[in-house]
Amino acid sequence: AFALFSEPIIRLVDRLVGATNAMRVDVTGCVVRRDGTKEGRETVTLRVAHDDLEMCVGLATAAFALEVARSMYGSGSEDDATPTVLPGVFFPVELGKRARENILEVVKEDAFVYELGK
């Protein structure tokens, strides 16, 4: 009931001041060498902003669905011979590096801020 009451107010405020959505993600992990020894800690930061929350969520969902479809059916290039998303249920961090890179490439499409760095 509260959502039905507040939605028109939220839509009005969004029209007056905008509906920009921004996110910053800091990931800190341990760097492990090929021989298994730990080298130290490293932090990677992602900053991304879109003009509209609905567009941002829709793009992220579509990017993931596109990557799953490409993994199932390929896109015709030799690079797609190996699926990047295997059948099953996974946490996003459990996806392979190539799948994550492909998804992020699509998501940054309409972002007015997209920074990924150390």
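To start, this report covers the structure provided alongside it.

Cut-offs and rules
- Residues numbered from 1 in each chain as written.
- Predicted model: local features only at pLDDT ≥ 70, side-chain atom pairs only at ≥ 80, totals over all residues.
- Heavy atoms only, no water.
- Core = buried A, V, L, I, M, F, W, Y, C linked by side-chain atoms within 4.5 Å.
- Buried < 20%, exposed > 50% of the residue type's maximum accessible area, 1.4 Å probe, protein only.
- Helix = DSSP H or I, 4+ residues; strand = E, 2+ residues; numbered from the N terminus.
- Contact = heavy atoms within 4.5 Å.
- Expected span 1.5 Å × (residues − 1).
- Arc of directions from axis to C-beta.
- Pairing = 2+ DSSP bridges.
- Axes fitted to C-alpha atoms, helices over the stretch in contact; angles between N-to-C directions.

1. Topic: the nonpolar core
Thinking step 1. In this structure, Leu59, Ala63, Val85, Leu95, Ala99, Ile103, Val106 and Val107 together form the largest nonpolar core, which totals 8 residues.
Thinking step 2. At 4 residues, helix 3 (residues 97-107) tops the list of elements feeding residues into this core.
Thinking step 3. Each residue touching Leu59, except ones within four places of it in the same chain, is listed here: His50, Val106, Val107 and Asp110.

2. Regarding helix 2 (residues 53-73)
Thinking step 1. For helix 2, which comprises 21 residues, the first-to-last C-alpha distance of 30 Å matches the rise-based estimate of 30 Å (1.5 Å per residue) to within 8%.
Thinking step 2. Regarding helix 2, the residues found buried are Cys56, Leu59, Ala63, Glu67 and Ser71. Viewed along the axis of helix 2, the buried residues span an arc of 100 degrees, placing them on a single side of the element. Looking at helix 2, the residues exposed on the side facing more than 90 degrees away from the buried face are Thr61, Met72 and Tyr73.

3. Quick word on the sheet that holds strand 2 (residues 38-50)
Sheet strands pair by backbone hydrogen bonding; their relative direction is either parallel or antiparallel.
Thinking step 1. Read from one edge of the open sheet, 3 strands run 1-2-3, paired in antiparallel fashion. The open sheet has two edge strands with one neighbour each: strand 1 (21-32) and strand 3 (113-117). Each strand of the sheet is rotated relative to its neighbour by a mean of 10 degrees, with strand direction disregarded.
Thinking step 2. Here strand 1 runs beside strand 2; their pairing, made up of 12 bridges, is antiparallel.

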